[in-house]
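Spelled out from the first residue to the last, the chains are:
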Amino acid sequence: MNFARASGLLSRRSLIGVSSVALVGSTYLWFKPQKADLLRAKDHVDLPSRENILSRLKKASVKSAEFDLLIIGGGATGAGCALDAALRGLNVALVERDDFSSGTSSKSTKLIHGGVRYLEKAFLELDYEQLKLVTEALHERKAFLEIAPHLTYELPIMIPIFTWWKAPYIFAGVKAYDFFAGSKGLSSAYYLTKNQTLEINPNLKKDGLWGSIVYYDGGQNDSRMNVALVQTAIQNGAAAANHVEVVNLLKDDGKVSGAIVRDTITGEEWSMKAKGVINATGPFTDSIRSMDEGTESKDIVVGSSGVHIILPEYYSPPKMGLLEPSTSDGRVVFILPWQGHVLAGTTDAPSEITYSPTPSEEDIQWILNEVQNQFSKDSGLKIRRSDVLAAWSGIRPLVKDPNAKKTEGIVRNHIIIESASGLITIAGGKWTTYRAMAEETIDHAISKLKLQPSRSCVSAVTPLIGANWFSQNQNIQLIQNFKLEADIAEHLANNYGDRAPTIAADILPTAPGRLAPHHPFTDAEVRYVCRHEYALTAADVIARRMRLAFLDVNAAINSLPQVIFVMTEELGWDRKTREREYNTTLKFLETMGLNVQAVTKGDWGKARLNYFRSLFNDDEVEKLKGGFSKVSKVGKKELAVLVGSVVVKVPANLESVLEKAGLADKKDFEFVDVLEVAASLRKGKLN
């Protein structure tokens with residue numbers, strides 16, 4: 001970062017946000033940020049709409065308007081490439097067939113780490129390449145934490161010691177972990193006695209416990225990090241669109257020159273020209289390579305399934321993770337605090353490449369058993385299958401090693417290859433090293449395509465959207481200035497950073513509009529992500545912008561009607577779209593551990609009825625039901641009378657309300673229609 005930019009950031013942050021303290025002479029003065037200051041402090045140049053981005057993509061159908069680079073894939077690697085290229089001044093486009101981070105990038109262990117077990121393997125197997133991977137990841141970990149402080153954090157992780165001689169062995173290992181991080185290290189590892197260990201985690205097994213070693217890695221909210229990468233790329237000139245798939249590659253004289261793409265929302269297809277195309281599609285790398293090379297293409301990626309489960313918060317200390325390096329079959333298990341819950345995993349087994357991986361019951365039970373094994377028998381903690389609030393499987397895209405018999409033996413490194421037609425493929429790697437992978441990929445593209453960047457790589461020092469004005473005390477500022485409940489304020493601060501005040505300003509303190517009890521998500525957040533974060537489907541919202549589907553799948557299905565109706569107001573969905581969104585999202589939630597026996601599968605009508613009933617008290621519902629039962633046919637005139645029994649002011653003409661609800665052509669209204677119209681009018685009155 002040059003001095004002028006650093007000085008600018010410092011001067012802004014010294015007034016509001018990161019530091020609200022100024023030094024005058026030798027006296028510190030405290031400036032309390034006011035609501036207006038917080039709303040101005042977003043560094044918030046509105047990003048272009050999706051329609052404007054699509055317009056740019058369509059203009060590239062002719063060579064004179066071609067992009068320097070077209071990146072296929074909107075996961076961590078693709079988003080990192082788009083950001084790196086845009087920051088260098090290149091004209092870059094990105095397309096993603098589903099949503100940003102809809103695949104593996106949203107289904108990680110949520111760690112930013114070098115890999116303690118990989119360091120051990122590097123020493124035991126004298127594997128220099130493995131050591132290089134760990135060292136690179138440790139260095140990248142620090143940059144990760146610095147460019148997105150609102151989405152990342154240092155996380156202490158405890159390793160219990162049950163054999164005395166393992167204490168010096170493991171302590172030496174984590175100290176080596178710190179050593180190889182060098183100047184990019186986090187807090188130093190340390191030893192805890194048995195009593196100190198049990199004071200922090202009183203439910204641990206006591207028999208044979210000698211103490212524990214605590215080391216530090218980073219934690220993150222992976223899908224929100226991914227979205228922030230895309231937003232920051234767009235802010236710096238990239239044209240990135242989700243729900244746009246590549247149908248085929250374009251070639252001129254045998255060289256890749258762009259792609260034919262389709263908007264999966266509208267079905268529209270068009271051609272896009274680009275000087276170079278980068279394949280960053282993770283597990284689906286080989287499908288794009290097959291488009292390029294046909295039957296001659298050889299697979300370079302092997303899938304490995306990583307299953308995780310979410311448990312209630314009482315199964316882990318709130319600010320301390322746990323690593324069990326010696327499970328029943330030799331794999332490791334992490335038990336980590338995450339988003340007010342406990343994340344446990346992961347498995348590591350060969351997997352077929354599929355768009356909708358689903359965790360097996362066998363894997364879920366294995367994780368439950370390993371977590372149970374960490375607890376003392378006299379703790380009284382018995383993990384039940386019903387404690388699993390959500391479960392998912394992510395497919396890690398590993399570089400195939402033909403000599404490896406187990407996926408644990410495959411190095412999580414990356415490769416960059418270029419086909420005869422010039423298609424550049426970046427494959428393998430891990431979340432922590434996304435930035436270094438992107439830098440290396442863009443360096444390669446610039447060299448091979450003779451592109452003309454206006455500057456060198458600055459992605460390691462460029463704050464992501466939400467970071468510039470972020471303060472570690474921002475949750476307190478939100479409580480003081482917007483009267484938010486504490487959990488909502490903390491959630492917004494730690495997921496939206498300096499953009500949280502925009503959402504907070506739309507939340508009524510007396511009626512925050514929670515989507516689900518005991519969760520901090522609100523309808524104001526739904527509106528924000530539709531307007532500013534390119535959320536186009538209900539799954540985009542509840543899974544990747546908010547993490548409700550990852551935290552509590554039953555709460556997600558219960559909140560789905562409310563999410564759909566808020567999105568209807570924002571995106572203008574008709575009745576068929578609402579029903580399709582409900583059914584499509586229900587299928588997605590099945591892959592997140594939803595027990596389909598517990599819900600009426602595909603019954604959008606029942607979900608709609610239950611949602612609108614919940615907006616009225618029992619007396620109002622009975623009044624509407626009584627009036628409805630007395631009328632043989634409810635036309636528009638009768639509808640107005642019924643609605644007037646629970647809404648103070650009913651407009652003389654209901655046409656605009658009916659049109660918005662998709663009921664304008666109806667002549668005989670059902671009871672749920674009466675509820676929806678009454679709810680719409682009441683909501684309009686409150687607003």
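Described below are features of the structure shown in this document. (Residues numbered from 1 in each chain as written. Predicted model: local features only at pLDDT ≥ 70, side-chain atom pairs only at ≥ 80, totals over all residues. Heavy atoms only, no water.)

**Details of the side chain of Asn 201**
Stated precisely, the cut-off is as follows: Put simply, DSSP H or I for four residues or longer makes a helix, DSSP E for two residues or longer makes a strand, and each gets a number counted from the N terminus. Burial classification: accessible surface area is computed with a 1.4 Å probe over protein chains only, and a residue below 20% of its type maximum counts as buried, one above 50% as exposed, and the rest as partly exposed. Here, two residues are considered to be in contact whenever any of their heavy atoms come within 4.5 Å of each other.
Among the secondary structure elements, Asn 201 is positioned in the loop between α8 (194-200) and β8 (211-220). Looking at Asn 201, the relative accessible area reads 9%, which means it is buried. With near-sequence residues (within four places) excluded, Asn 201 lies in contact with Pro 317 and Leu 322.

**Digging into the pattern of salt bridges**
The cut-off we apply is this: Every case where a carboxyl oxygen of Asp or Glu lies within 4 Å of a side-chain nitrogen of Lys or Arg is listed as a salt bridge.
One pass over the full model with this rule turns up 38 salt bridges. Between Lys 58 and Glu 268 there is a salt bridge; the shortest N-O distance is 2.9 Å. Remark: Glu 268 occurs in the loop between β11 (255-263) and β12 (269-279) and Lys 58 occurs in helix α3 (residues 50-59); sequence separation between them is 210 residues. Residue Glu 268 is classed as partly exposed on the basis of its relative accessible area, which comes to 37%. Residue Lys 273 is joined to Asp 252 by a salt bridge in which the shortest nitrogen-to-oxygen separation is 3.2 Å. Of this pair, Lys 273 sits in strand β12 while Asp 252 sits in strand β10 (residues 244-252), placing them 21 residues apart in sequence. Each of Arg 578, Arg 608, Lys 666, Glu 670, Asp 673 and Glu 676 takes part in a single network of salt bridges with overlapping partners.

**Some details on the pairing of β10**
Basically, it comes down to this: By the convention used here, strands pair only if DSSP detects at least 2 bridges between them.
Inspection of the sheet shows β10 paired to β11 by 8 bridges, in the antiparallel sense. Following the sheet pairing, Asp 252 is matched in β11 by Lys 255.

**Quick notes on helix α16 (residues 523-532)**
The element α16 is extensively covered by neighbouring structure, given that 9 of its 10 residues are classed as buried. All of the buried residues along α16 are Asp 523, Ala 524, Glu 525, Val 526, Arg 527, Tyr 528, Val 529, Cys 530 and His 532. Just beyond α16, the residue with positive phi is Tyr 534, at close to 65 degrees.

**Considerations on unusual backbone geometry**
With the exception of glycine, the majority of residues adopt a negative phi angle, and the majority of peptide bonds are in the trans configuration. Residue Thr 346 is bonded to the preceding Gly 345 through a cis peptide linkage, with omega at 20 degrees. Positive phi, normally seen in glycine, also occurs at Lys 110, with a value near 70 degrees. Given a relative accessible area of 3%, Lys 110 falls into the buried group. Positive phi, normally seen in glycine, also occurs at His 518, with a value near 70 degrees. Structurally, His 518 is set in the loop between α15 (500-504) and α16.

**Remarks on empty space enclosed by the protein**
One water molecule sets the probe size; rolling that probe over the atoms shows where empty space is left. Convention followed: Definitions used throughout: a 1 Å grid over protein atoms alone; a cavity as a set of points that fits a 1.4 Å probe which cannot get out; a pocket as an open set with protein on both sides within 12 Å along at least five of seven lines; a lining residue as one with an atom within 4 Å of a point. Grid points are joined across faces, edges and corners, and a volume is the space filled by probe spheres set on the points. Any residue outside Ala, Val, Leu, Ile, Met, Phe, Trp, Tyr, Cys, Pro, Asp, Glu, Lys and Arg is labelled polar, Gly included; the first ten of those are nonpolar and the last four are charged.
Counted according to the given criterion, the structure contains 5 cavities of 30 Å³ or more. Estimates place the volume of the largest cavity at around 70 Å³. Contributing to the lining of the largest cavity are His 150, Leu 151, Arg 224, Ala 228, Gln 231, Ile 465, Gly 466, Asn 495, Tyr 496, Arg 499, Tyr 528 and Glu 533. Elements supplying a minimum of two residues to the lining of the largest cavity: α9 (222-235) and α14 (486-496). Among the elements that make up the lining of the largest cavity, the one with the highest residue count is α9 (3 residues). Of the residues contributing to the lining of the largest cavity, the split by class is 5 nonpolar, 4 polar and 3 charged.

**Side note on the side chain of Asn 221**
Assignment of secondary structure puts Asn 221 in the loop between β8 and α9. Not counting residues within four places of it along the chain, the set of residues in contact with Asn 221 comprises Leu 151, Trp 338, Gln 339, Asn 495 and Arg 547.

**Description of the nonpolar core**
To be explicit about the condition: As used here, the term nonpolar core means buried Ala, Val, Leu, Ile, Met, Phe, Trp, Tyr and Cys residues forming a set that is joined through side-chain atoms within 4.5 Å.
Ranked by internal contacts, the top residues of the largest apolar core, which has 106 residues, are Tyr 215 and Leu 492. At 10 residues, helix α19 (residues 553-571) tops the list of elements feeding residues into this core. With near-sequence residues (within four places) excluded, Leu 492 lies in contact with Leu 478, Leu 484, Gly 497, Ala 500, Ile 503, Ala 504, Ile 507 and Glu 525. Counting 69 residues, the second largest nonpolar core, distinct from the first, contains Leu 70, Leu 87, Val 92 and Ala 238.

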